[in-house]
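# Chains, contacts and geometry: an overview
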Amino acid sequence: MIADDARVSDETLIGRIAAGDPSAFDRLVRRHRAAVYRFARAAAPDGPPGDTGGALDILRETFLAARRAAPRQRGETSARPWLLALARQAIDSRYPSSREADLTPLRELARTAGWQSGEDAALDEDVPAVEAAFAALPPEDREILTLCDREYFTVDEAARVTGLADAAVRTRLHRARLRLLARLREGAGGR
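None of the values given here were measured: they were computed from a predicted structure. (Residues numbered from 1 in each chain as written. Predicted model: local features only at pLDDT ≥ 70, side-chain atom pairs only at ≥ 80, totals over all residues. Heavy atoms only, no water.)

Scanning the protein chain from terminus to terminus reveals nine helices and zero strands. Split into buried and exposed, the 191 residues of the protein chain put 40% on the buried side. Within the protein chain, contacts between residues at least 6 apart in sequence are counted, and of these 68% link residues at least 24 apart. Carbon and sulfur atoms form 52% of the exposed surface of the protein chain, whose accessible area is close to 10700 Å². (Helix = DSSP H or I, 4+ residues; strand = E, 2+ residues; numbered from the N terminus. Buried < 20%, exposed > 50% of the residue type's maximum accessible area, 1.4 Å probe, protein only. Contact = heavy atoms within 4.5 Å. Areas by Shrake-Rupley, 256 points an atom, 1.4 Å probe, with all protein chains shown as cover.)

So this is what it looks like as structure tokens:
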């Protein structure tokens, strides 16, 4: 039995899961389910409005895969990158065509976002507007923004989760931030 959830490392929990301790698995799920769910909602292709079934299925698949893979998982101080990589695999198997390359030139994205346009139009820190702009982005943009700007993953960690090279992660992140800024400017102009 594990005494205090906050004092037990993910590495210890994974070791105990590998040894067959169901309470360790329950603790790992409680510790990381919100992050895995947020990632699944952000990265999975959109279903019907309000439908969270796909994200819940990804959540279940992720933790089932984690339970099976626990005996082979060693050396991670945080389980979150590993779990989100498992979630990415579940998304890829469920939605095989969910990752399409974006070939929009960066200059065009920057121009649409109003970057370096000389405008001083400051965007309000309007949380509902940011959330609405975020929700309107394609899944691949929400995925990389969730990893880097919401979960604060390093480029290396995001690369491990997505299976992309570090340079590709940086490019995707830059493109996603520009598209988010463009969406925010569109929303601010419509007020």
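Mapping A135 onto the fold places it in helix α6 (residues 127–135). We classify A135 as partly exposed; its relative accessible area is 48%. The spacing of A135 and R41 is 94 residues in sequence and 9.7 Å in space, taken between C-alpha atoms.

To continue, consider the nonpolar core. Formed by 45 residues in total, the largest nonpolar core has its most connected members in F39, W82, L83 and L147. Among the elements that take part in this core, helix α2 (residues 22–43) stands out by supplying nine residues, more than any other. Setting aside residues up to four positions removed in sequence, W82 forms contacts with I14, A66, A69, A70 and Q73. (Core = buried A, V, L, I, M, F, W, Y, C linked by side-chain atoms within 4.5 Å.)

With that settled, consider the packing of aromatic side chains. Inspection of every chain in the model, using the stated rule, returns one aromatic pair. Seen from their ring centres, F25 and F63 are 6.4 Å apart, and the 80° between their planes marks the pair as edge-to-face. Taken together, the positions of F25 in helix α2 and F63 in helix α3 (residues 53–69) put the pair 38 residues apart, joining distant regions of the chain. We classify F25 as buried; its relative accessible area is 9%. (Phe/Tyr/Trp six-rings, centres within 6.5 Å; stacked < 30°, edge-to-face > 60°.)

Right, let's talk about the environment of V36 for a bit. As for its position among the elements, V36 is in helix α2. Distance in space between the C-alpha atoms of V36 and R60 is 9.7 Å, their sequence separation being 24 residues.

Here we come to helix α1 (residues 10–18). Looking at α1, one finds that the buried residues are D10, L13, I14 and I17. The arc enclosing the buried residues of α1, seen along the axis, measures out at 100°, which places them on a common side. Positioned one or two residues after α1, G20 has a phi angle of 95°, which is positive. (Arc of directions from axis to C-beta.)

Confidence in the prediction of the protein chain, expressed as mean pLDDT, is 82, and 74% of residues score 70 or more. Between the elements of the protein chain, mean pLDDT differs from a low of 65, seen in helix α5 (residues 106–113), to a high of 93, seen in α2. Predicted confidence is poor over residues 118–124, with pLDDT under 50, and the contacts of this stretch with residues over four places away or in other chains come to seven contacts. (pLDDT = per-residue confidence, 0-100.)

Right, let's get into the pattern of salt bridges. Overall, the coordinates contain 13 salt bridges when judged by the stated rule. Between D57 and R94 there is a salt bridge whose closest N-O contact spans 3.5 Å. Taken together, the residues D57 in helix α3 and R94 in helix α4 (residues 80–94) connect sequence positions 37 residues apart. Its salt-bridge partner being E151, residue R80 comes within 3.0 Å of it at the nearest N-O pair. With R80 in helix α4 and E151 in the loop between α7 (139–150) and α8 (155–162), this residue pair connects regions lying 71 residues apart in the sequence. Residue R80 is classed as partly exposed on the basis of its relative accessible area of 23%. According to the relative accessible area criterion, E151 is buried, its value standing at 11%. Connected via shared salt-bridge partners are D57, R60, E61 and R94. (Salt bridge = Lys/Arg side-chain N within 4 Å of Asp/Glu carboxyl O.)

This part covers unusual backbone geometry. In this structure, Y152 takes a positive phi of about 60° despite not being glycine. Relative to the elements of secondary structure, Y152 occurs in the loop between α7 and α8. Among the residues examined, Y152 registers a relative accessible area of 65% and is labelled exposed.

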